Amino acid sequence: MNRLASRIERTSNSGLDKLFAAKKENQIVFSAGYPDHKLFPEQELGQAAKEVFEKNQLKLLQYNTSVGLPELRQKLVKKMAWHDKIKTDNDHVMLTQGAQQGIYLTARLMLNKDDGLVVEGPTYIGALAAFQAYEPTFYEIPIKEDGMDVNFLEDTLKTHAVKMIYTVPDFQNPTGAVMSLEKRRQIIELANKYNVVILEDGTYRDLRYSGQNLPTIKSLDSEGRVIYVSSFSKILAPGLRLGWLTAEDKLFKALIGLKSGADIESSNLTMSIVNTYLDDNSLENHIALICNCYRQKKDAMLSAMRKNMPSIAQFTNPQGGFFIWLTMPKNFNMDKFVNQQQLSKSGVLITSSTNLYPSGNIKNGARINFTGESLANIEVGIKKLGQALSAAWDEQIKNKIIQVG
Ligand SMILES: Cc1ncc(COP(=O)(O)O)c(C=O)c1O
């Protein structure tokens, strides 16, 4: 007899775990959202760890509060004030186990089975995994270069009972799109009008390679209905498993209760190390350094793509973040291509679009990460990918001609 909860059926096939499976020798991984491990500030974090053990001794290894280390929260209040124009205070910032936990806790806070949830189509696969556990009814809003299609969103809100909108307005995963200021304002207006909560995911916001920063949606929030999550994963290191969230009082208090029930608190040890790292080092300088490196990698990948992709392939040129989005003609099946011999033999991994839409209906796109691999691997990997894609497309055309003939 099956004794598992019904939600398991929907969560066990998200594909997220496979994405971060250990890399095999000779593989070139463009499929996962890996930062460049050479940029992790290992020495500085090691030094901070040493200092923390010398200074704090027993206090360091004791239980703490669910919201997390006050000194680190204070630093995040300041960071959000100058970088994101978010006005908050120490009592409304919580340290989480990555932004992922912020998303998960918010899903737990908001969603009963079958509740309406708007997501961008395509969206972040890990958010879908978190949401699916609560069995919502998904509404996919197509995303354009300047963010989600707001007219489509309005029609959806008019005709369906929606409780929450999840959006990644800055360098969206997976398309790299940046939501325009006008749309940020419109989305707040719509949320106010239709009494909807917005979960804003700012995980890539610090990683801008060109253009000007836009205000966060949270900074435009006039009724306290935006929950903002972000993370140290992409700007320091994902192994820290450290992120944060901020929300208005009522939502925040409920989130504290959920955090206590989930894991009591984030690791006091990690929070103390990151706090000391931030005392001793300039996070802005570190972010500038990684932006420089990622800008180069993105440019290298785009130039390799222009040389090697078949002419029917379209791809984005994002202003920041981690991903280039590739689109093939509608009748191309990327799932089949990703699993087929030609590509897997070449050892190049990309993420097909299917799992990035809750409906699983759009099959002709792919997410390609440009930050995790070396410049040399980017060159080699894109050449192989281009050749395999051209061969697969030629074969599809040939088969069609034979069928018609
Ligand atoms: C949009 C987005 N949000 C959240 C996360 C989760 O990040 P974290 O490592 O902070 O949990 C990711 C990770 O790739 C992401 O792409």
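As the structure is a prediction and not an experimental result, all values here were calculated from the model.

## So, the sheet that holds strand 6 (residues 162-167)
Pairing is mixed across the open sheet formed by 8 strands, whose spatial order is 2-9-8-7-6-3-4-5. Strand pairing shows two members of the sheet lacking a second neighbour, strand 2 (93-96) and strand 5 (147-148), which therefore form its edges. Bridging between strand 4 (residues 137-144) and strand 5 involves 2 bridges; their strand directions are antiparallel. When the bridges of strand 5 are listed, Ile143 appears paired with Met148. Each of strand 2, strand 8 (226-231) and strand 9 (243-246) is contacted by helix 9 (residues 249-263), which is oriented at about 25° to strand 2, the strand it contacts most.

## A few points about the packing of helix 7 (residues 150-159) against helix 8 (residues 181-194)
Close contact between helix 7 and helix 8 brings their axes to 11 Å; oriented N to C, the two are set at 5°. Viewed along their axes, helix 7 and helix 8 adopt a mutual orientation that is roughly parallel. In contact with Val150, Leu153, Glu154, Leu157 and Lys158 of helix 7, helix 8 contributes Lys183, Gln186, Ile187, Leu190, Lys193 and Tyr194. Looking at the contact of helix 7 with helix 8 residue by residue, the class counts come to 6 nonpolar, 1 polar and 4 charged.

## Examining the packing of aromatic side chains
Counting across every chain of the model gives 10 aromatic pairs. Summarising the aromatic geometry, the rings of Phe131 and Tyr166 are spaced 5.3 Å apart at their centres and angled 70° between planes, so their arrangement reads as edge-to-face. In this pair, Phe131 is assigned in helix 6 (residues 125-132) and Tyr166 in strand 6, connecting sequence segments 35 residues apart. For the ring pair Tyr294 and Phe322, a centre distance of 5.6 Å and an interplane angle of 80° mean the geometry is edge-to-face. You can see Tyr294 sitting in helix 11 (residues 283-308) and its partner Phe322 sitting in the loop between strand 10 (314-315) and strand 11 (323-327), a full 28 residues away along the chain. By the burial criterion, Tyr294 is buried, and Phe322 matches it. Aromatic ring contacts, followed pair by pair, group Tyr204, Tyr294, Phe322 and Phe323 into a single cluster.

## Section: the domain arrangement of the protein chain
Here the protein chain is partitioned into domain 1 (22-40 + 285-398) and domain 2 (42-280). Taken over C-alpha atoms, the centre of domain 1 sits 26 Å from the centre of domain 2. Between domain 1 and domain 2 the total buried area reaches about 2,500 Å² when both faces are included, carbon and sulfur atoms providing 63% of it. Three residues stand out in domain 1 for area buried against domain 2, namely Phe40, Gln319 and Pro358, and they jointly supply 27% of the buried area on that side. Between the two partners, domain 1 and domain 2, sit 0 salt bridges. Summed over the shared surface of domain 1 and domain 2, the result is 12 residue pairs in polar contact (both at pLDDT 80 or more). Among the secondary structure elements, those contributing two or more residues to the side of domain 1 that touches domain 2 are helix 11 and strand 11. Considering each element in turn, the side of domain 1 that touches domain 2 owes the most residues, 7 residues, to helix 11. For the side of domain 1 that touches domain 2, a count of residues per class yields 15 nonpolar, 9 polar and 3 charged.

## A word on the site of the ligand
As a matter of local geometry, the ligand sits amid 13 residues, with Ala99, Asp201, Tyr204, Ser231 and Ser233 nearest to it. The side chain of Thr203 places a nitrogen or oxygen atom 3.4 Å from a nitrogen atom of the ligand. When isolated, the ligand has an accessible area of 390 Å², and the protein chains bury 95% of it. If you tally residues by element for the shell around the ligand, the top one is helix 5 (residues 98-110), at 4 residues.

## Brief notes about the sheet that holds strand 11
What the 4 strands build is an open sheet, ordered 10-11-14-13; its pairing is antiparallel. Strand pairing shows two members of the sheet lacking a second neighbour, strand 10 and strand 13 (351-352), which therefore form its edges. Relative to strand 11, strand 10 runs antiparallel, the two being bridged by 2 bridges. Paired with Gln314 across the strands is Thr327, a residue of strand 11. The strands touched by helix 11 within the sheet are strand 10, strand 11 and strand 14 (365-369), with strand 11 carrying the most contacts at an inclination of about 20°.

## A closer look at helix 4 (residues 70-83)
Between its first and last C-alpha, helix 4 extends 20 Å over 14 residues, near the 20 Å set by a 1.5 Å rise per residue. On its buried side, helix 4 packs onto strand 2, strand 8, strand 9, helix 10 (268-280) and helix 11. Positive backbone phi, approximately 55°, marks Lys85, located one or two places after helix 4.

## Re the pairing of strand 4
When strand 3 (residues 116-121) meets strand 4, the two strands line up parallel, connected through 6 bridges. Following the sheet pairing, Gly121 is matched in strand 4 by Pro142. The hairpin formed by strand 4 and strand 5 contains 2 residues between the paired strands.

## Things to note about the packing of helix 4 against helix 10
Their axes nearest at 9 Å, the elements helix 4 and helix 10 cross at an angle of 50°. In this view, helix 4 runs oblique relative to helix 10, as classed from their interaxial angle. Crossing of helix 4 against helix 10: the hand is left-handed. Contacts between helix 4 and helix 10 pair Glu71, Leu72 and Lys75 from the former with Met271, Val274, Asn275, Leu278 and Asp279 from the latter. For the contact of helix 4 with helix 10, the per-class residue count stands at 4 nonpolar, 1 polar and 3 charged.

Each value, and the rule that gives it
Residues numbered from 1 in each chain as written. Predicted model: local features only at pLDDT ≥ 70, side-chain atom pairs only at ≥ 80, totals over all residues. Heavy atoms only, no water. Pairing = 2+ DSSP bridges. Helix = DSSP H or I, 4+ residues; strand = E, 2+ residues; numbered from the N terminus. Contact = heavy atoms within 4.5 Å. Axes fitted to C-alpha atoms, helices over the stretch in contact; angles between N-to-C directions. Parallel < 35°, antiparallel > 145°, perpendicular 65-115°, else oblique. Nonpolar A, V, L, I, M, F, W, Y, C, P; charged D, E, K, R; others polar. Phe/Tyr/Trp six-rings, centres within 6.5 Å; stacked < 30°, edge-to-face > 60°. Buried < 20%, exposed > 50% of the residue type's maximum accessible area, 1.4 Å probe, protein only. Domains from an automatic or database assignment. Buried area = accessible area lost by both parts, 1.4 Å probe. Salt bridge = Lys/Arg side-chain N within 4 Å of Asp/Glu carboxyl O. Polar contact = N/O pair within 3.5 Å; in protein donor to acceptor, adjacent residues only side chain to side chain. Near = heavy atom within 4 Å. Areas by Shrake-Rupley, 256 points an atom, 1.4 Å probe, with all protein chains shown as cover. Expected span 1.5 Å × (residues − 1). Left-handed = near helix turned anticlockwise from the far one by under 90°.

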